[in-house]
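Structural overview for review
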Amino acid sequence: MNEDLTAEQGEVTTLLCQEDDLQDGQMREVAVEGQKVLLVRTEGRYGAVGSRCTHYNAPLVKGVLLGNKVRCPFHGACFNVMTGDIEEFPGLDCLPSYKVKVEDGNVYISFNRKSLKLIRRVKEMSSREPEINHSTLLIGGGPAALLCAETLRQNFYKGRIIMVTKDTLPPFDKPKLSKAMNSDSSQILLRSEDFLQQYGIEVWTQKEVVSVEPIDKVVRLSDGTVQPYDQLLISTGCRARSLGCPGQHLEGVKLLQTHQDAQEIHRSCQGQRAVIIGASFIGMEVASYLSNKAASVAMVGTTEYPFENSLGPEIGKMAMHMLEEHNVKFYMKDRVLEIRGKDGKVKEVVLQSGAVLEADVVIAGIGVIPNSDFLMGSQVQIDSRKAVIVDEFMKTNVSDIYGAGDVTSFPLSIRGGQRVHTGHWQMAHAHGRAAALNMLNKSTKMASVPFFWTVLLGKSIRYTGYGEGYTEIIFKGKVEEGKFLAFYIKEQVVVAAASLMFDPAVAQVAELMSSGELITKTQAQSDDLSWLKL
């Protein structure tokens, strides 16, 4: 390998390949001194960036390239292939990027040996300047608040940033709570305390805002203190819905909301009889996790199959069979009438069908309620489901108050501005970023395409779009064999897609939707999927 070392700059220049080795619109992983780099040729230019997604380290070469953007095949994060900057979420950090030049038909990369070993890059950020008398208050400690804070600092906002959260932890990777329930807190933090301090992001844990007073621009906390603000973000997320049946307060009945809840469920279910109520994403992931840990796992659901309302009966049936083969027994088209106990502890769950399930632990996953009660009397508009209403700029109806994340009802661009309430990790990131930019008067519409995933027994079902109201599902592959791509159709158009073992199909659909392209039912029906560029 030919290389030229410029001592003055500490840079090494190395020959990567011949110019005609890579066609326009192609990407390739190349080894540079033992490190993998993603080399891309697009729109007549070459780019070289880190090869692994900064979210969960997925190989980006298996993703989707469109123009100057590569989309991760696993969870949909997007990066600029020229700069390495993250442009769509989940994830926080950018990719390292390297200089590429073409001379005499050869493609060269220039890099610093120290930086070559980096797998992620934090965008340049400012910190607080105490003499600046301006404060932004973020209520909630999830990804929307964190992205808002970081985006403000990336755009050199130097006022005070305060994040107030009821949690005992600063922002953490909440999707892991139902997938890896025994994770140590240090393994799931999105940012270290040192990082937050370095960039002047104050995080007040175990504090709760009980009211917002927009006229005086203050919030009141449960400890009696009053905190003024200049701009406010409401990003309080949702809370798990309680069962509302006799016995719901017995010892052993649990909701999954916090890191402590996850660890307690893990600990209390070892070798015990677990009953999970609610057969949607949280319930199914918990059942999957406990399938090789609890003595028995029973799942109670109101539909015929899990996920039926969101993913359809075929995928629900397949998922049910997957878990049935691993120690999980299903009681579907049923509901809980009562939880009975002895000496204050759970002993059995009584179902409407008459079935009585022995139980040591009961875990409820029956939906969520937006955390908006503290806004009563604030004039901030709330919808009938208690979600905070925001516009495409993440603004509420009250001046200088913004909303972001699961607590909001917002206009979804791919559905023509239809107002929706989704609980997607990725969308909360995008909301936080858009809110911050609009706080800075950098007019930015929320235009992200929903993307989420669920993991069962180590296998990931991926989903993009918004399928509510779909009238038909068109399948490619075989659902019963655990390898498929599903297109959800409404009014002759693909409105969502889901897949298992069919990467990067869902990432490609997300990218097409993001670019504004309509995918027709005719395309979905065709045996020729060349338009997906798989």
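Residues numbered from 1 in each chain as written. Predicted model: local features only at pLDDT ≥ 70, side-chain atom pairs only at ≥ 80, totals over all residues. Heavy atoms only, no water.

Structural notes on the pairing of strand E23 (residues 328–331)
By the alternation rule, side chains of E23 split into Val328 and Phe330, which are all buried, and Lys329 and Tyr331, of which none is buried. Sheet analysis places strand E22 (residues 296–300) next to E23, joined by four bridges and oriented parallel. Pairing of Val297 across the sheet is with Val328, part of E23. (Buried < 20%, exposed > 50% of the residue type's maximum accessible area, 1.4 Å probe, protein only. Helix = DSSP H or I, 4+ residues; strand = E, 2+ residues; numbered from the N terminus. Pairing = 2+ DSSP bridges.)

Focus: the environment of Thr236
Residue position: Thr236 is located in the loop between strand E18 (231–234) and strand E19 (238–240). Separated by 81 residues in sequence, Thr236 and Asn155 have C-alpha atoms that sit 24 Å apart. Among all residues touching Thr236, those that are not within four sequence positions of it are Ile139, Gly140, Asn371, Phe374 and Val407. At 2.7 Å, the side chain of Thr236 forms a polar contact with the backbone oxygen of Asn371. (Contact = heavy atoms within 4.5 Å. Polar contact = N/O pair within 3.5 Å; in protein donor to acceptor, adjacent residues only side chain to side chain.)

Focus: the nonpolar core
Of all hydrophobic cores here, the largest spans 74 residues; its most connected members are Val212 and Val219. In contact with Val219, not counting residues within four places along its chain, are Leu137, Ile139, Val209, Ser211, Val212, Thr225, Val226, Gln227, Tyr229 and Leu232. Membership of the second largest hydrophobic core comes to 48 residues, among which are Tyr305, Ile363, Tyr463 and Val495. (Core = buried A, V, L, I, M, F, W, Y, C linked by side-chain atoms within 4.5 Å.)

Here we look at unusual backbone geometry
Most peptide bonds are trans, and most residues other than glycine sit at a negative phi. Cis peptide bonds are those with omega within 30 degrees of zero, and the linkage from Phe89 to Pro90 qualifies with 20°. Along the chain, the position of Pro90 falls in the loop between strand E9 (86–88) and strand E10 (97–103). For the bond from Asp503 to Pro504, the omega torsion is 0°, close enough to zero to count as cis. Within the secondary structure, Pro504 sits in the loop between strand E37 (493–500) and helix H10 (505–514). For Phe307, which is not a glycine, the phi torsion comes out positive at approximately 60°.

Topic: the packing of helix H2 (residues 143–154) against helix H9 (residues 425–439)
Relative orientation of the contacting elements H2 and H9 amounts to 35°, with a least axis distance of 7 Å. Two packed elements cross with a definite hand, and for H2 against H9 that hand is right-handed. Contacts between H2 and H9 involve Pro143, Ala144, Leu147, Cys148, Thr151 and Leu152 from the first element and Trp425, Ala428, His429, Gly432, Arg433, Ala436, Leu437 and Met439 from the second. Split by residue class, the contact of H2 with H9 holds 10 nonpolar, three polar and one charged. (Axes fitted to C-alpha atoms, helices over the stretch in contact; angles between N-to-C directions. Left-handed = near helix turned anticlockwise from the far one by under 90°. Nonpolar A, V, L, I, M, F, W, Y, C, P; charged D, E, K, R; others polar.)

Points about the sheet that holds strand E14 (residues 201–204)
Spatial ordering of the open sheet is given by E14-E13-E12-E18-E30, a layout of five strands whose pairing is parallel. Every interior strand has two partners, whereas the edge strands, E14 and strand E30 (401–403), have only one. Averaged over all pairs of adjacent strands, the angle between their axes in this sheet comes to 20°, without regard to strand direction. This element, H9, spans strand E12 (135–139), E18 and E30 of the sheet and lies at about 165° to E18.

By themselves, these observations are geometric and do not establish any function.
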